[in-house]
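Here's the letter readout for the chains.
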Amino acid sequence: FYFSPFHEDGEIERYRKDSFDRKPKPGMLLSAMGDFPVNREMSFLIGDKQTDLDAAHAAGVGGFLFKGGNVHKFAEWALASFNEGSR
């Protein structure tokens, strides 16, 4: 698991700051890619917010916006779309 306790509008002063690990910045994704053998060209992210997709693209991976429903079916569609060239 990766997380960032920092947020510009945070309630706790010591965590109230901008961070490269907060989406839409790619910090956490880049950390995970550094820790694990990830092939960027063969990877994509499914997120439920535009900031998720912005972070994915900033990290050099594809992204798909999940708006609800069956996440398993959506993941199958995203994989098929990704394999056909959609990123």
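Look above for the structure.
Let me sum up the structure you'll find in this document. (Residues numbered from 1 in each chain as written. Predicted model: local features only at pLDDT ≥ 70, side-chain atom pairs only at ≥ 80, totals over all residues. Heavy atoms only, no water.)

Some thoughts on a nonpolar patch on the surface
Working step 1: A cluster of nonpolar side chains, Tyr2, Phe36 and Val38, forms an exposed patch at the surface whose accessible area comes to about 280 Å².
Working step 2: Checked against the element boundaries, Val38 lands in the loop between helix H1 (27–35) and strand S1 (44–47).
Working step 3: With a relative accessible area of 38%, Val38 lands in the partly exposed category. (Patch = residues over 30% accessible without salt bridge, like charges linked within 9 Å, V, L, I, M, F, W, Y side chains within 5 Å. Areas by Shrake-Rupley, 256 points an atom, 1.4 Å probe, with all protein chains shown as cover. Salt bridge = Lys/Arg side-chain N within 4 Å of Asp/Glu carboxyl O. Helix = DSSP H or I, 4+ residues; strand = E, 2+ residues; numbered from the N terminus. Buried < 20%, exposed > 50% of the residue type's maximum accessible area, 1.4 Å probe, protein only.)

Examining helix H2 (residues 50–58)
Working step 1: Turning to H2, its buried residues are Asp52, Leu53, Ala55 and Ala56. Down the axis of H2, the sector holding all buried residues measures 160°, keeping them to one side.
Working step 2: Check the buried side of H2 and you find it contacts H1, S1 and strand S2 (62–65).
Working step 3: Of the residues trailing H2, Gly60 is marked for its positive phi of about 85°. (Arc of directions from axis to C-beta. Contact = heavy atoms within 4.5 Å.)

Some thoughts on the pairing of S1
Side-chain direction in a regular strand flips from residue to residue, so the side chains alternate between the two faces of the sheet.
Working step 1: The side-chain alternation of S1 yields one buried face, formed by Leu45 and Gly47, and one unburied face, formed by Phe44 and Ile46.
Working step 2: After leaving S1, the chain enters H2 and then returns to the sheet as S2, a path that is right-handed. (Right-handed = clockwise from strand over helix to strand, strands pointing away.)

Things to note about the pairing of S2
Working step 1: With four bridges connecting them, S1 and S2 associate as parallel partners. Within the sheet, the bridge partner assigned to Leu45 lies in S2 and is Gly63. (Pairing = 2+ DSSP bridges.)

As for the environment of Asp18
Working step 1: Position of Asp18 among the secondary structure elements: in the segment before H1.
Working step 2: On the basis of relative accessible area, Asp18 is assigned to the partly exposed category, the value being 44%.
Working step 3: Residues Asp18 and Glu8 lie 10 residues apart in sequence; the distance between their C-alpha atoms is 5.2 Å.
Working step 4: Non-local contacts of Asp18, meaning those with residues more than four positions away in its chain, are made with Glu8 and Lys25.
Working step 5: A distance of 2.5 Å separates a polar atom in the side chain of Asp18 from a polar atom in the side chain of Lys25. (Polar contact = N/O pair within 3.5 Å; in protein donor to acceptor, adjacent residues only side chain to side chain.)

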